[in-house]
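Survey of secondary and tertiary structure
This is what each chain is made of:
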Amino acid sequence: MHPVLVYTASRIGLFAVTLGVLYLLGLQNPFWLIIVSFLISGFASYVLLSKQRDAVSTRISDKVDRPRPDSD
């Protein structure tokens, strides 16, 4: 599967899980629920998704470094 899709789906899933857990723990205010979930899931993804982030980085750098055929 495409590494960018895996990483994006993992980030969204981690955010959703964090949102659900915080809601169940009693954080009911929607504004603070989203802000705190975003911060916690961002930190968790930095720690937990390093392999996926490296795969995305490799994929992007390979695309950028690939020589393009001349259109002339």
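From a predicted model like this one, the values you see are computed outputs, not experimental measurements.

Section: the confidence of the model for the protein
The predicted model of the protein has a mean per-residue pLDDT of 90, with 94% of residues at 70 or higher. Mean pLDDT across the elements of the protein bottoms out in helix α3 (residues 50–65) (87) and peaks in helix α2 (residues 30–48) (96).

Points about the packing of helix α1 (residues 3–24) against α2
Two numbers describe how α1 lies on α2: the axes approach to 8 Å, and their chain directions differ by 130°. When the interaxial angle is binned, α1 and α2 end up oblique. In the packing of α1 onto α2, the handedness of the crossing is right-handed. Note on element contacts: α2 touches α1 through Leu33, Ile34, Val36, Ser37, Phe38, Ile40, Ser41, Gly42, Ala44 and Ser45, opposite Arg11, Leu14, Phe15, Thr18, Leu19, Leu22 and Tyr23. Here the contact of α1 with α2 is built from residues that sort into 11 nonpolar, five polar and one charged.

So, the side chain of Ser41
Along the chain, Ser41 turns up in helix α2. Looking at Ser41, its side chain comes within polar contact range of the main-chain oxygen of Phe38, at 3.3 Å. Setting aside residues no more than four positions away along its own chain, Ser41 makes contact with Leu14, Phe15 and Thr18.

What about the packing of aromatic side chains?
Evaluation of the coordinates by the stated rule reveals one aromatic pair. Consider the rings of Phe31 and Trp32, whose centres lie 5.1 Å apart with planes at 75°: the pair is edge-to-face. The exposure class assigned to Phe31 is exposed, which follows from its relative accessible area of 52%. Trp32 sits in the partly exposed class, given a relative accessible area of 47%.

So, how was this worked out
- Residues numbered from 1 in each chain as written.
- Predicted model: local features only at pLDDT ≥ 70, side-chain atom pairs only at ≥ 80, totals over all residues.
- Heavy atoms only, no water.
- pLDDT = per-residue confidence, 0-100.
- Helix = DSSP H or I, 4+ residues; strand = E, 2+ residues; numbered from the N terminus.
- Axes fitted to C-alpha atoms, helices over the stretch in contact; angles between N-to-C directions.
- Parallel < 35°, antiparallel > 145°, perpendicular 65-115°, else oblique.
- Left-handed = near helix turned anticlockwise from the far one by under 90°.
- Contact = heavy atoms within 4.5 Å.
- Nonpolar A, V, L, I, M, F, W, Y, C, P; charged D, E, K, R; others polar.
- Polar contact = N/O pair within 3.5 Å; in protein donor to acceptor, adjacent residues only side chain to side chain.
- Phe/Tyr/Trp six-rings, centres within 6.5 Å; stacked < 30°, edge-to-face > 60°.
- Buried < 20%, exposed > 50% of the residue type's maximum accessible area, 1.4 Å probe, protein only.

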